[in-house]
Amino acid sequence: MRILVTGAAGFLGSHLSRYLLARNHAVVGIDNLITGSVDNIKDLLKDPGFEFTKYDVTNYLHVPGRLDAVLHFASPASPIDYLKFPIPTLKVGALGTHKALGLAKDKKAIFMIASTSEVYGDPLINPQHESYWGNVNPIGPRGVYDEAKRFAEAMTMAYHRYHKMQVRLLRIFNTYGPNMRLEDGRAVPNFMTQALKNKPITVYGDGSQTRSLCYVSDLIDGIYRLLKSGINEPVNIGNPQEITLLELARAIKMITGSRSKIVFRPLPEDDPKVRRPDITLAKSKLKWSPKVDLENGLKKTISYFRSKL
Ligand code: UDP
């Protein structure tokens, strides 16, 4: 296949592009580099199967030649990034999705939207099944991301129903691994950077809020299975192993052998209290389940952060 990946220089886009190239697909990568980095794809730039253009996908999108799939992964994805870039976040989810869908329609390509567990907001049920409609504050600081992704899903389903396009709606739960930016502000990079520098580890709130962390290679495997499936409806991809943020901070402190103290800071507005994917659908329809446990995933990620520091 010849596949367009938007956000190709980002955390997930770079892993996804590398995975597709390794399976002999040709990849056209686009990224406006506001949160992505060419460092993540330095090795891929030498691959004849990879073409990269710095471009903002919210503008008119033209890609010469055939395309078999359009994977729309461009978006700021960390809470501090979407606070810093609220309007680009809304635009890439709304206008960017529209442009990418239009291109996919023109090329008769499969379209995939990288959606998110944030469509469930601060969920009132745990775990979250795909049938749950969510609990999102549209006007809060996280609303720019949550509502952009919800709009992107609505737009994707409209193209599926009206234009009979093949679409994939991937709901990604918290994912971690190499190529996350050290300063991206999410819990895993913050805790690792702080622990490795023996600086205070900043737990927000009392640390009793939960997340379920998926190692990036598991996520990418799930994405590929979803792409090849015929499922035109949302599918959760994530690791259902749920832990509190305080437990995560302690685990990272222990694995790094850090002397850091754990300190408590105010909880950001609308921070979800729980989050855990129900992956029954992915297990039954994609024959997918995560393989890398938290300890191993954290160790691999810590090696990356250590090398970057
Ligand atoms: N968090 C934390 N300390 C940090 C960064 C994040 O305690 O230095 C918390 C944050 O408040 C949230 C959880 O970690 O409850 C996960 O946050 P992250 O930004 O990784 O992603 P989210 O799941 O909120 O999108």
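Basis of the calculations
- Residues numbered from 1 in each chain as written.
- Predicted model: local features only at pLDDT ≥ 70, side-chain atom pairs only at ≥ 80, totals over all residues.
- Heavy atoms only, no water.
- Helix = DSSP H or I, 4+ residues; strand = E, 2+ residues; numbered from the N terminus.
- Rg over C-alpha atoms; globule rule 2.2 N^0.38 Å.
- Buried < 20%, exposed > 50% of the residue type's maximum accessible area, 1.4 Å probe, protein only.
- Contact = heavy atoms within 4.5 Å.
- Near = heavy atom within 4 Å.
- Polar contact = N/O pair within 3.5 Å; in protein donor to acceptor, adjacent residues only side chain to side chain.
- Nonpolar A, V, L, I, M, F, W, Y, C, P; charged D, E, K, R; others polar.
- Core = buried A, V, L, I, M, F, W, Y, C linked by side-chain atoms within 4.5 Å.

(A) The overall build of the protein chain, seen in detail. Check the secondary structure of the protein chain and you find nine helices and 13 strands. Here the C-alpha radius of gyration of the protein chain, 18 Å, is about what a compact globule of 309 residues would show, namely 19 Å. Along the first, second and third principal axes, the C-alpha set of the protein chain runs to 55 × 45 × 40 Å. Counting every position in the protein chain, which comprises 309 residues, the buried fraction comes to 56%. Sequence separation of 24 or more characterises 80% of the internal contacts of the protein chain that already satisfy a separation of 6 or more.

(B) Spotlight on the site of the ligand. If you check the shell around the ligand, you find 18 residues, and the closest are Thr202, Tyr204, Arg211, Asp271 and Arg275. Between the ligand and Ala187 there is a distance of 2.9 Å, counted from an oxygen atom to a backbone nitrogen or oxygen. Those elements that place two or more of their residues in the shell around the ligand are helix 5 (187–196) and strand 8 (201–204). Residue composition of the shell around the ligand, by class: seven nonpolar, five polar and six charged.

(C) Summary view of the nonpolar core. Judged by nonpolar contacts, the single largest core of 60 residues is most densely connected at Leu71, Phe73 and Leu248. For this core, the element with the most residues is helix 6 (residues 216–228), which contributes seven residues. Sequence-distant contacts of Phe73, defined by excluding residues within four places in its chain, comprise Thr6, Gly7, Leu12, Leu16, Met112, Ala114, Leu170, Ile172 and Ile223. In this structure, Leu4, Ala104, Ile113 and Met155 belong to the second largest nonpolar core, which totals 24 residues.

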